[in-house]
Each structure stands twice: as structure tokens, then as C-alpha cells.
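Coordinate analysis (summary)
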Amino acid sequence: MTSKNKFPFVTCHCSLVTASEMKHFLTTSDWKRAELEALIVSAQAFKRDEDKSKPLAGRSVGLIFFNPSLRTRASMQVGVYELGGNTVVLEPGGTSWTLEHRDGVVMDGDKTEHVAEFVRVLGRYCAGLGVRTFAQLKDWEDERRDPVLEAFARYAEVPVINLESAMHHPCQAMADMMTVREKLGPGRKRVLLTWAWHPKPLPMAVPNSFALAAAQMGHDLVIAHPPLYDLDDELMRDIETQTREAGASLSVTHDADEAFDGAEVVYAKSWGSKSFYGAPEKDTETRASFRGKWIVDAQKMRRTKQAIFMHCLPVRRNVIVTDEVIDSPQSVVIDEAENRLHVQKAIMQRLMQDAKGGGGT
Amino acid sequence: MTSKNKFPFVTCHCSLVTASEMKHFLTTSDWKRAELEALIVSAQAFKRDEDKSKPLAGRSVGLIFFNPSLRTRASMQVGVYELGGNTVVLEPGGTSWTLEHRDGVVMDGDKTEHVAEFVRVLGRYCAGLGVRTFAQLKDWEDERRDPVLEAFARYAEVPVINLESAMHHPCQAMADMMTVREKLGPGRKRVLLTWAWHPKPLPMAVPNSFALAAAQMGHDLVIAHPPLYDLDDELMRDIETQTREAGASLSVTHDADEAFDGAEVVYAKSWGSKSFYGAPEKDTETRASFRGKWIVDAQKMRRTKQAIFMHCLPVRRNVIVTDEVIDSPQSVVIDEAENRLHVQKAIMQRLMQDAKGGGGT
Amino acid sequence: MTSKNKFPFVTCHCSLVTASEMKHFLTTSDWKRAELEALIVSAQAFKRDEDKSKPLAGRSVGLIFFNPSLRTRASMQVGVYELGGNTVVLEPGGTSWTLEHRDGVVMDGDKTEHVAEFVRVLGRYCAGLGVRTFAQLKDWEDERRDPVLEAFARYAEVPVINLESAMHHPCQAMADMMTVREKLGPGRKRVLLTWAWHPKPLPMAVPNSFALAAAQMGHDLVIAHPPLYDLDDELMRDIETQTREAGASLSVTHDADEAFDGAEVVYAKSWGSKSFYGAPEKDTETRASFRGKWIVDAQKMRRTKQAIFMHCLPVRRNVIVTDEVIDSPQSVVIDEAENRLHVQKAIMQRLMQDAKGGGGT
């Protein structure tokens, strides 16, 4: 919610928040570092079973998935239940039924409902909404503004939680930051975000949100990826600002091996090049030469300061990371996934505890 | 449940109700006006949060969707939860698996289970069932008898709620009647049901049930549609009887503009012509000339007595209704959708509070 | 859990159970007769509503379906709820997303997650997992070892319940044994498992588990099927051992009529021939001549000692069994399906009451 934020889509929901006094959880950049740290403290209390509060008792949370999800769906359903509430899962993407999000359109095509109605109606039934919109990897300039998520936030009269959009995955990033603190203690760490080879291009939400949150939390950040696989320019400027203000360092490298030197955290993820949005075969062709080189293996891990190994899952074994590394004691991927549950409970408690419930409560 | 009702499908479940003393909610025509009004009073108590009873505590309700549904599914799941219960959602239509509903058939085709077993088994697990069967728009004479819904009601040993069949959508109609009363107070209103252009033919359940319920509640009813888009003959005779007995008026017009004169309620809906069941392309061709003329816009709304605008949703903006109308203060579509929740809670409470639960309760 | 069990897949999870002291429910052959009988007694207490314990209060159970399911899904969801808990349903088979279960594989194909991660993560959210893996009917030597189920059991850190695998359906078998006792009282009965004609080959899990459980419970067992439709050799040797040790009889016949003589229980089921795995058209061709002969009808039932008629459902009427038989008082198929609920509650209580819950409990 900093006023100097340059992203059009952030500006957009900032004004909304101002107008309604209600808070969404769309990207960590809307939240101050102290607020993010408070969420981690809250998540830790849930994990230790010290916080037994049931802020969602008698209330429902709607989860809308435009793309299939197993981990996010399971952790959200369990989290809502453990907070005393009820989950309603809706999958517009599971059928031919789709949502229009643009204003003023003559809806004579294949879209049968507008987000304006869909979101306001669900807000009458539910105390909050989680939504996964996902990237299409077709039109970079459109998708980088997260138009579907933005439409949800604009129309919603209850809090909206981003469960992965084209550009952001803030729940994952918060679980990541919680895991770093849990394993290595508080304070600045040397964190490597490294690209990895994968047979096809994947969305950038996870690397975007991880890098942003690591910068916000004041970590020294190294980002390693092949040429043409750089992150969004404005996001990088934001990350640069955050690290500078925190007195931390930021570097970007194309060297897949040197990047590991001295790392305390190795975070692996594959993503597609924004240069090849709409042309996946070109991306696949370009990345072919990176296979074998851009994989996290024991040799690279030996360059680190006994770094923990992290990945958001699902992960392709012996493609992104070798069995040897992911099965080693340094791998914290299962704890990291467990922390999704705790951190999401903290976020829901924070957002929904004072919000009015559905129509019947 | 009037004995003079001429519909074979109504006769059918009437006899069932007589036999078992158990009541389904298949169409409002099975219920007396006083009973329907009691349901609205009950729904209003739920909406004001005055009725906190949990008649479904410890019990489950099965929701069977042969067609995808978002709004109905969400409102039913939330309603069951708010009544203290648990929902089980089953989607036979989501797979190749389908149900046989005809008696005496040699089941060597593509249908793997008979409604006789399916419904009786679910009745052992659940205190009640909601079922959406939907129209195929293929065979008018078959579908107008609602054979799948009828088979459910015939075999079920627990209450069955119709969540939209080929011919009826009584939960929607009850939410509509509740909304009219909420916005305009009790007593007779001048209600317009108007057809609207839509790129393809849609089922008739919503207009059927709305017109029927409006007649049962004693409203003056105007039905406007192009030639060939008339409602079912027997349904119209039933509506005529209802309005006459209530001392109300009924008129049908093909004039898309005059119909609005003096209306206090404008209810828009597109539907397919029963003349074109099985031939959707002929329907699309026929209706092409109605585009632009059969849309609810501000000019038409100015002919009304400041009517409220209603639609069951989902609605195609600038096709069925202009942005200007649906975004105006006269539009009550979100409240109408919210009322689905409250009225369905009232219906479930009425039907299931005394019924025995599933096998384990 | 007998050490002399010769099946590779049984050996496998036996060692797991030994190692972790945690018990899965994968096949009844892992459990002693006294343990199985205790489960039935517990299920009867749930059915009579005498056991009101809520061992799953505050805890979640994950249900993973690689194949669609209605009955299993409904009975598990209701059972978990009635035990106080919350269900999370995941359907990897509903999308193109699939799980790798082999160790050491380079995952550069179409599988995006390994069971190793999937199962351990769900174990952090859930107190137990139910999984339906189903048969592919493609590769007999592979499928008879139940490799997917085995991978789940090997990696899971919480109890796993088999909700039907390629080879076993132990929850169905327990409901069957409960039903036999409920209808005919305790003690040895003459039980017929008869093959029936069906237009296409079906999995063998139900006949396998029924025959095995009937043998474990000490019943006299007749298995009737056409030539080439025999059950697994090792399974048959296990059944032979079980019946011999219990002092009961076992016979296999190809005579579709004589098999009914003196039966007290008739259990009908169609299944595919293991000789035709991977060649379904050959199976269909071979079985064509059995149509009409291998159906349970009133004439056959008259040869029995007023046997009860059982089937796991779904059943094709007038293909597997005539309307006359399934609608007769001897038919207990609905009670049998209801007992799925009660017996699964008993199994979950037994397995999960002492296990630690998900991450947040």
C-alpha cells in the first residue's frame, strides 16, 4: 500500500482498500513488513496449537478455482475447517462456463456471467473468497496486470485472498518466509532463487512472490536464471527498492553454479520467459540447451553454506532437483508445504475476523 | 396438490405424498398459498438472524447435479451448513456415468445404475436430497413431464428438493416471491415476465416457476414474449385458474414495449421455444430478428411504475439487460440471489426437521 | 499380516506396518479374524446409534479418487462428518494431472508430482487418507501388485484406507460380512460368489475381497464363473489356506445353475478375465456366449435355501440380476450399501483415533 508503488494493478486495489476499509490479500506488496511478520507469528501460534480461536464459526468461505489445484485446495479447506468454518469450492474452469471481467462488454460470446454479479452474490453467502486465476501464458502485457484477480477485488464486498494469480502467489511466499525463519531463525539470510529446467514453460507467480517477499523481509537476494528468463521489470524495480531500503543486497546472475556460493537458502523454480508468451514452442526450444545445467544437484548444494532446499511443489524429481537433494536432510519441502496451512489460517483470521458473515449469520 | 391439477407429473408425486406422508419440494403447485407464505416468513426470520435453529445438526444432505451449478450449489452448501448439517455433492453429469430412470429396462446400454438403487442408497446416508436435472431441450413431450425428477421423487425415502428440473425451479421462484414482498410489501403487484433475446435457446424452468408462483401469490401477471415462445399449455391453464381464483388478472402479449406499462416488477428471462426442441439452430435463426428489440433498457423501464428489475442470474449484460438498468438502484438482482439462501433454509427446515436422518443418526 | 503370505504386495506393506507401528486398511488379509469381527461389532454399535464418539473432531480426512465414485464418496464424507471430522476430496483423475509412483524416475513426461511428496504433504493436513486407485485392466502382472496403492502406503505417515484398488475393495467386503451376519446371524453360512454377464470387462477387486473375507470369516464358499474367468492364483491359494484353517469348504465350479444349490447367500458380480487384460474386445467377444445363462434370476434363486441376494452396486438390472430378484424381499442390496457407512466409521475410528491429527490440531 505504499504510495510510490508503480504497478497499475496495485494502485487499483489500493484505492479500493482506501474506499472500503476492507483488506484483501492479493500481493505481499500491499502489506508492510511488520504486518507480514505479525502474520508469521500468528501462523506459528496456530502451528504450535496455541491459538485455538474459531473466527469462522458459523461462516463460509468460497474457494474459486479457474485451474485445478490439489495442495492449495486441501490446505484451504482444512484451514477454514480448523478456524471453525465451512468451505464452498467452485470451479468455473472445470466446465465450459467462464466469467467476463471486462466492463461495458456486450456479452454475446461464450461468457455467461460477469464477475460483477458472481462476486457480489458469493459475498452474500460467504465471509470471504479465495480465488485462483492462474496465468494463460498468452499475452504478457495483459496478464501482468492480473485483470481477473483485479476484477474480483474491485467488485467483492468481502475480503479476497489470492490463491495464485498470473503474477502473484502471496500465500506461498508467506509459507516460504515462515519456513526460512523456522529453519534458520530471524534476521537476514543469503537467499538464492534459481531457475530450473522443466520441459515446458510455467507461470511466474511463485518466483515473483518469493523474490518480492524475500526483499520485503530484508534478505540478501540472488536471482539466477538464463538470459531471456528475467522477471518483470517493474517487479524488479520494486524488489530493488525494497532491498535497498532494508540495507540488503540484490544481484542477478546467469551463472547456474556460482549463484550457489554461500547461499543459506536455495529456492528452485522453473518459469517461462515473458519473451515467449503466446509462443510456448519457442520457449521449449530455447530452454532445451539448459537441461542438465539448470538442475539443483548435490554438487551445487556443496557450494552453499549448508543451505536448506525449498520448492513450492509439485516438483519433478530428477528434472528440477535430484532425488539425492530432495531426499536429503537439507530439504524442507514438506515442512514448507505444511506451513501453507498455518499461514493461510493466520491470513484468514486477520482478514475475516471482523468482517460480516454471509447472509444468514 | 389440488385434485384438479391436470399434469401427469404432478398427479404422480401427489399420490406419492399421500402414500408416504412425506413431502417433497418439486414445484410450488404442490403447496398451498398459505404454506408458501409461511415459507417466506420463515426465510425472513433466517435472514434477520432471528431463527438460529439447527435442524440438520449431525445430518447430511445430498446434492446431485446432472448439470454444473455455481449459485445453487453455493447457496445450498452454505444453507445446509448454517442449519447445522453436512453436504455431499455428487455430479453424475460430470462423468460418462449416467442414471437409468425408466422401469423394467434391460440395462445393457451406457447407463450403469438405476435411480431405484441410487436414490434409496443415498437416503440411507442423508436426511434429504436436492437434485438438479435440467432440460436437454431435445424432446418436449418427454421433458415436460420431468421424468428424471419424477423417478427421484418416486423412489426416495427422504425429502427431495428440486434444484431446477426441465420444467420447474421452485427454489428460485420462492426467492423471487420473497424479494417482491421485501421490496414492495405484501399484497397484489403488477408483475411483468418478459422474454429477452439471448444467442441460444435456454430451458423454461425459471419462467414456468416464476409465472406459476406469481399466480399462486395473487399477483396481476403480464407475460410478454415473441410468437412461438409461449409457455406450456397446461401450465398456462393452471396459471389462469390460479389468477382467476385469486381475483387477479393475467395477460399475454407479443408487444415488447407496451408490456412494461405500469409494471411494478420487471422479471427478465430468455428461454427456448418448445416448437424448436431438438432443433436449436432453428430457434437461433428464428430469434435472430428479436435482438435489440427484446432487451430490458432504460427506455422500457421508464414506462413502468418505477418497477424493480429482477433476473435469476447468471445474466448476460447488454444482451438481456443493459448495464444502465442492472446497475441502477431499481435493480434487485443481488438481493434476489441472496434470498435463495434464506428461502432454501426455510424449505429444508420445513421438509427435514422431522424426517429421520441418515443411517448413523 | 501372517508371515507366510506369499503376495509381493502384501509382504510390502506388512513390513511397513512393522516398521512404523501404524496400521493401514489395504486388504482384510492384513487383519486377523478377531480384529475383523471386532470391526463388525463396532459398526453395529454405530448403526444402532449407540456409539456417539467423535474421534475425528477437529481433524480432516483426505479422500483421493483416481476414478469417479458416488457411493464410496458419499458414504465416506458422511462417515467422517458423523465422526466429527472434515473431508477433503481430491480427484487427480479428474484432470490431466497424474501422479508418479515409481522410485528413481526422471520425471520429464506427463506426470507432475511424485506420490512421495503428495502423500507426505496431505499427511500434514489430514489425520488419515482414503484412496481409490482402481484397475486399468491393461497389464495384469503390474496391476495385481497394486503399485499405486502400495506407493501411498509406503510413503504415508498417516493411516491409509483402500477405497478400491486394482485388486481389493476391503471396505465393501467388510460391509458384506456385516450384512451376512445381520441377516443370517453369526456362524458359518453357505456362500455363493457367482460371476454374471455384463457388456464389458470390469475390475476384480470386489470378487477378490469378498471371497477373501468370506474365507477369513469361516464361511463355506462356492465360486462360480465361466472358464477363463478364474481369480488370481495366489489369492486362491490364500483363500484355500484360510478356509482349510477355519474348517470350512471351498469349491469352484463352471456350472451357472448347480452353484446355487443350497446357498444361503448369493453374491453376484461381473468381472473381466485376467487372460484378456489389455484386450477388452477379446473379453467382450468371449463373454458374449454367457449372456442369458449367467444372470441371477428367480429360477436359480429357487435352488437356494431362501438365500439373500447381494450385490455391491451399481448394478445393471435385467443384465446382472432380474427385476424380480432384486425387488424381492430376499434382496438386501440397499442394507448392504448402508452398511458401507457404518463399517467405514468403525474402520476410521480404529485407525485414526490415536493417530496424530493434521498440522493444526
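Residues numbered from 1 in each chain as written. Chains lettered and ligands numbered in written order. Predicted model: local features only at pLDDT ≥ 70, side-chain atom pairs only at ≥ 80, totals over all residues.

1. Comments concerning the overall build of chain A
When helices and strands are tallied, chain A shows 13 helices and 11 strands. Dimensions of chain A along its principal axes, counting C-alpha atoms only, are 60 × 50 × 40 Å. In chain A, buried positions account for 57% of the 361 residues. Long-range contacts, defined here as pairs at least 24 residues apart, represent 80% of the contacts in chain A between residues at least 6 apart. (Helix = DSSP H or I, 4+ residues; strand = E, 2+ residues; numbered from the N terminus. Buried ≥ 20, exposed ≤ 12 C-beta atoms within 10 Å, placed from the backbone. Contact = placed C-beta atoms within 7 Å.)

2. Digging into the relation of the copies chain C and chain A
Superposition record for chain C on chain A: RMSD 0.0 Å, screw rotation 120°, translation along axis 0.0 Å. Considering both components of the superposition, the chain copies are consistent with a three-fold axis. (Least-squares fit on C-alpha atoms with pLDDT ≥ 70 in both.)

3. Some details on the domain arrangement of chain A
Residues and elements named next belong to chain A. The assigned domain composition of chain A is domain 1 (8-168 + 339-352) and domain 2 (172-337). Placing a centre on the C-alpha atoms of domain 1 and another on those of domain 2 gives a separation of 25 Å. Between domain 1 and domain 2, the residue contacts involve 24 residues of the former and 28 residues of the latter. It is helix 2 (residues 33-47) that contributes the most residues to the side of domain 1 that touches domain 2, 5 residues altogether. In terms of residue class, the side of domain 1 that touches domain 2 is made up of 11 nonpolar, 6 polar and 7 charged. (Domains from an automatic or database assignment. Nonpolar A, V, L, I, M, F, W, Y, C, P; charged D, E, K, R; others polar.)

4. A closer look at the packing of helix 4 (residues 115-125) of chain B against helix 3 (residues 71-82) of chain C
For any two helices packed against each other, the geometry is given by the interaxial angle and the distance between the axes. Two elements in contact, helix 4 of chain B and helix 3 of chain C, have axes whose closest approach is 10 Å; the angle formed by their N-to-C orientations is 10°. In terms of orientation, helix 4 of chain B lies roughly parallel with respect to helix 3 of chain C. Along its contact with helix 4 of chain B, which presents Val121(B), Leu122(B) and Tyr125(B), the element helix 3 of chain C presents Arg71(C), Ala74(C), Ser75(C) and Val78(C). For the contact of helix 4 of chain B with helix 3 of chain C, the per-class residue count stands at 5 nonpolar, 1 polar and 1 charged. (Axes fitted to C-alpha atoms, helices over the stretch in contact; angles between N-to-C directions. Parallel < 35°, antiparallel > 145°, perpendicular 65-115°, else oblique.)

5. Concerning the packing of helix 7 (residues 170-184) of chain C against helix 13 (residues 333-352) of chain C
Residue and element names in this part refer to chain C. Relative to each other, helix 7 and helix 13 sit at 115°, their axes nearing to 8 Å. Between helix 7 and helix 13, the interaxial angle falls into the category roughly perpendicular. Classified by chirality, the crossing of helix 13 by helix 7 is right-handed. Mapping the contact onto sequence places Cys171, Gln172, Met174, Ala175, Asp176, Met178 and Thr179 in helix 7 and Asp335, Glu336, Asn339, Arg340, Val343, Gln344 and Ile347 in helix 13. Looking at the contact of helix 7 with helix 13, its residues break down into 6 nonpolar, 4 polar and 4 charged. (Left-handed = near helix turned anticlockwise from the far one by under 90°.)

6. Focus on the interface of chain C and chain A
Between chain C and chain A, the contact holds 27 residues from the first and 28 residues from the second. Listing elements by their share of the side of chain C that touches chain A, those giving two or more residues are strand 1 (60-65), strand 2 (86-90), strand 4 (113-114) and helix 4 (115-125) of chain C. Grouping the amino acids of the side of chain C that touches chain A by side-chain chemistry returns 10 nonpolar, 12 polar and 5 charged.

7. Considering the confidence of the model for chain A
Residues and elements named next belong to chain A. Looking at chain A, the pLDDT average stands at 91 and 90% of residues meet or exceed 70. Under a pLDDT of 50 for its full length, residues 1-20 has, in the predicted model, 25 contacts with residues more than four places off or in other chains. Scored below 50 in pLDDT, residues 357-361 makes 25 contacts in the model with residues more than four places away or belonging to other chains. Quick note on the complex model: pTM equals 0.93, ipTM equals 0.91. (pLDDT = per-residue confidence, 0-100.)

8. Overview of the interface of chain A and chain B
Contacts between the two partners involve 27 residues from chain A, matched on the other side by 28 residues from chain B. Secondary structure elements with two or more residues in the side of chain A that touches chain B: strand 1 (60-65), strand 2 (86-90), strand 4 (113-114) and helix 4 (115-125) of chain A. A per-element tally of the side of chain A that touches chain B places helix 4 of chain A first, with 6 residues. Looking at the side of chain A that touches chain B residue by residue, the classes come out as 10 nonpolar, 12 polar and 5 charged.

9. Quick look at unusual backbone geometry
With an omega of -5°, the peptide bond running from Leu313(A) to Pro314(A) counts as cis. Mapped onto the elements of the fold, Pro314(A) is located in the loop between strand 11 (308-310) and helix 12 (323-326). The residue Leu137(B) is not glycine, and still its phi comes out positive at about 60°. Along the polypeptide, Leu137(B) turns up in the loop between strand 5 (128-132) and helix 5 (140-143). On the basis of neighbour counts, which here come to 23 C-beta atoms within 10 Å, the residue Leu137(B) falls in the buried class. At Leu313(C), a position not held by glycine, the phi torsion is positive, near 65°. Residue placement: Leu313(C) occurs in the loop between strand 11 (308-310) and helix 12 (323-326). Residue classification places Leu313(C) among the buried residues on the basis of 21 C-beta atoms within 10 Å.

10. Thoughts on the sheet that holds strand 2 (residues 86-90) of chain B
Residues and elements named next belong to chain B. Taking strand neighbours across the sheet as the criterion, the 4 strands line up as 2-1-5-6 in an open arrangement whose pairing is parallel. Of all the strands in the sheet, the pair left with one neighbour each is strand 2 and strand 6 (160-162). Strand-to-strand twist across the sheet, computed as the mean angle between neighbouring axes with direction ignored, equals 20°. Relative to strand 2, strand 1 (residues 60-65) is paired through 5 bridges, and the arrangement is parallel. (Pairing = 2+ DSSP bridges.)

11. Re the sheet that holds strand 9 (residues 250-253) of chain B
All names here are of chain B. If you walk across this open sheet you meet the 5 strands as 9-8-7-10-11, and the pairing is parallel. Looking along the sheet, the strands with just one partner apiece sit at the ends: strand 9 and strand 11 (308-310). The average angle at which neighbouring strand axes cross in this sheet is 15°, direction not considered. Pairing between strand 10 (residues 265-269) and strand 11: 3 bridges, direction parallel. The residue of strand 11 that forms the bridge with tyrosine 267 is methionine 310.

12. Here we look at helix 2 (residues 33-47) of chain C
All names here are of chain C. Its 15 residues place the ends of helix 2 21 Å apart at the C-alpha level, agreeing with the 21 Å of an ideal helix rising 1.5 Å per residue. Along helix 2, the positions that sit buried rather than exposed are Leu39, Ile40, Ala43, Phe46 and Lys47. End-on, the buried residues of helix 2 take up no more than an arc of 115°, which puts them together on one face. For helix 2, the exposed residues lying more than 90 degrees away from the buried face are Ala34 and Val41. Tucked into the core, helix 2 has its buried residues touching helix 7 and helix 13. Just downstream of helix 2, aspartate 49 is the residue with a positive phi angle, here 65°. (Expected span 1.5 Å × (residues − 1). Arc of directions from axis to C-beta.)

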